[in-house]
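Structure assessment
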Amino acid sequence: MESLNKPYYRIVAIPGEGIGPEVVQASLTILQQVAQLEGFTLQVDYGWLGATAFEQFGSYFPSATAQLCDRADGIIFGAVNQGGLLELRKHFDFFCNLRPIRIVNSLLHKSSLRPEKVQGLDMLIVRELVSGIYFGPSGRSSDDQGAYGYHTMLYYDHQMRRIARKALQQAQKRRGLLTVAHKENALPHLPWTRLVQEEATEFPGIVVEPMLVDNLAMQMVLNPQRFDVILAGNLFGDILSDIGGALVGSIGLLGSASMNADGFGLYEAIHGTAPDIAGKGIANPLGTLGACILMLQQWGEEQAAQRIMQAQDRILAQGYRTADLSPQKEEILVNTQTLVDLLLAEISTE
Ligand code: IPM
Ligand code: MG
């Protein structure tokens, strides 16, 4: 008999293409085990996006997928090459993208930087996800000089302000430093600095530090430990977060959460479809699993989140590595399934 007060969550899994299906399946297996151990129920429905959706429905983001997601508690997404993802983000207004970049101790020497440069590294990129140059007026045309193309970086002030408030809230929960990526020396009509500073008057104690995005990229590789929360628009946030992958040793480790104003979210790894290794069963599932941890935390299932995190840290400390982390010497190369099996065993031991 199911107990009546047992929490029940419904998620939509959207595997997509490339390594997407492999890393989503791996993460769901682990989530189901944690659900059992922690006493909640997970119902999983499958949705379609990208190329596989196009084959079946003639649309990269079919309305069937939108409807399925409508009543869900969260969406777990794998990866797609093109089409559908931006529409999905826009459709549910997932404007607030959180990308934590944290070093795992046992992977210090996997960083592109010397271990002492990344020891203790713990930053959070807050990326605006449904506006800016990804969604501004765009097109191709031609005039007397020839054919041309354009994408417009357009932000309403209210869009910059609402993501600024999210970033300020995150800084409040963390170390209180908010670095704002901007490019006002060249793009003065996007006044991120002023708008964030105005919002910050309601967040006493938070230090707002505006930084030109080119300099910020350099500082991220010179002195990444100095950062706490970084706020960036859509394009700059995309670029900066890949630097984070190099800092922690592999982009395959990074997960992200994209939330709308209601706290409904899309959970996905930062990496793409990785066509070179797709179907080989060797992908690193920890990025998508990291995203699932963010989902559990958003639900308030902190114990479940901790269980996975601790299991992951212990397995990595024992030297198990997927190929993206190029195992050396006494480290042990494992494929996706073996890593999942190790995690499942580890999660069950307190
Ligand atoms: C990301 C990806 C996407 C983005 C691509 C696949 C459109 O690079 O989530 O970082 O640019 O937002
Ligand atoms: Mg990206």
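Computed from a prediction, not measured in an experiment: that's the story for all the values here. (Residues numbered from 1 in each chain as written. Chains lettered and ligands numbered in written order. Predicted model: local features only at pLDDT ≥ 70, side-chain atom pairs only at ≥ 80, totals over all residues. Heavy atoms only, no water.)

**Comments concerning the domain arrangement of the protein**
If you check the domain split of the protein, you get domain 1 (1-98 + 251-350) and domain 2 (112-248). With 14 residues of domain 1 in contact, the opposing surface of domain 2 contributes 18 residues. Between domain 1 and domain 2 the total buried area reaches about 1600 Å² when both faces are included, carbon and sulfur atoms providing 67% of it. When the buried area of domain 1 at its contact with domain 2 is split by residue, F95, N97 and L98 rank highest and sum to 38% of it. Here domain 1 and domain 2 share 1 salt bridge between them. At the surface where domain 1 touches domain 2, the tally comes to 4 residue pairs in polar contact (both at pLDDT 80 or more). (Domains from an automatic or database assignment. Contact = heavy atoms within 4.5 Å. Buried area = accessible area lost by both parts, 1.4 Å probe. Salt bridge = Lys/Arg side-chain N within 4 Å of Asp/Glu carboxyl O. Polar contact = N/O pair within 3.5 Å; in protein donor to acceptor, adjacent residues only side chain to side chain.)

**Some thoughts on the sheet that holds strand β2 (residues 41-46)**
Strand pairing in a sheet relies on backbone hydrogen bonds. The paired strands run either parallel or antiparallel. Pairing within the open sheet is mixed, and its 10 strands lie in the order β2-β1-β3-β12-β11-β4-β5-β10-β8-β9. Every interior strand has two partners, whereas the edge strands, β2 and β9 (207-212), have only one. Across this sheet, the average inter-strand angle for adjacent strands is 25 degrees, counted without regard to direction. The pairing of strand β5 (residues 122-128) with strand β10 (residues 229-232) spans 4 bridges and is parallel. (Pairing = 2+ DSSP bridges. Helix = DSSP H or I, 4+ residues; strand = E, 2+ residues; numbered from the N terminus. Axes fitted to C-alpha atoms, helices over the stretch in contact; angles between N-to-C directions.)

**Some remarks on the nonpolar core**
Judged by nonpolar contacts, the single largest core of 67 residues is most densely connected at L31, M220, L240 and I308. The greatest single-element share of this core, amounting to 9 residues, is contributed by helix α10 (residues 286-299). Each of domain 1 (1-98 + 251-350) and domain 2 (112-248) contributes no fewer than three residues to this core. Excluding residues within four positions of it along the chain, I308 makes contact with I30, L31, V34, L289, I293, L296 and I347. Ranked by size, the runner-up nonpolar core spans 25 residues in total, among them C96, L178, W192 and V196. (Core = buried A, V, L, I, M, F, W, Y, C linked by side-chain atoms within 4.5 Å. Buried < 20%, exposed > 50% of the residue type's maximum accessible area, 1.4 Å probe, protein only.)

**Overview of the packing of aromatic side chains**
Considering all chains together, one arrives at 8 aromatic pairs under this definition. Ring plane angle 80 degrees and centroid distance 5.4 Å describe the contact between F92 and F264, whose orientation is recorded as edge-to-face. Here F92 is found in the loop between α4 (85-91) and β4 (96-102), whereas its partner F264 is found in the loop between β11 (255-259) and β12 (265-269), with 172 residues between them in sequence. Accessibility classification places F92 together with F264 in one group, the buried group. (Phe/Tyr/Trp six-rings, centres within 6.5 Å; stacked < 30°, edge-to-face > 60°.)

**Details of the side chain of T336**
Position of T336 relative to the elements: it lies in helix α12 (residues 336-348). With relative accessibility at 5%, the residue T336 sits in the buried group. Looking at T336, its side chain comes within polar contact range of the main-chain nitrogen of I282, at 3.5 Å. Discounting residues that sit within four places of it in the chain, T336 has contacts with E22, A26, G281, I282, A283 and P285.

**Quick look at helix α3 (residues 63-70)**
Turning to α3, its buried residues are T65, A66 and C69. Projected onto a plane normal to the axis of α3, the buried residues spread over an arc of 100 degrees and lie on a single side. Residues of α3 that are buried sit in contact with β1 (8-16), β3 (74-79) and α4. (Arc of directions from axis to C-beta.)

**As for the packing of helix α1 (residues 20-38) against α12**
Between α1 and α12, the shortest axis-to-axis distance is 10 Å and the interhelical angle comes to 10 degrees. For the element pair α1 / α12, the angle class is roughly parallel. Considering the relative orientation of α1 and α12, their crossing is right-handed. Residues E22, A26, T29, I30, Q33, V34 and L37 of α1 form the contact with α12, whose participating residues are T336, V340, L343, L344, I347 and S348. Partitioning the contact of α1 with α12 into residue classes produces 8 nonpolar, 4 polar and 1 charged. (Parallel < 35°, antiparallel > 145°, perpendicular 65-115°, else oblique. Left-handed = near helix turned anticlockwise from the far one by under 90°. Nonpolar A, V, L, I, M, F, W, Y, C, P; charged D, E, K, R; others polar.)

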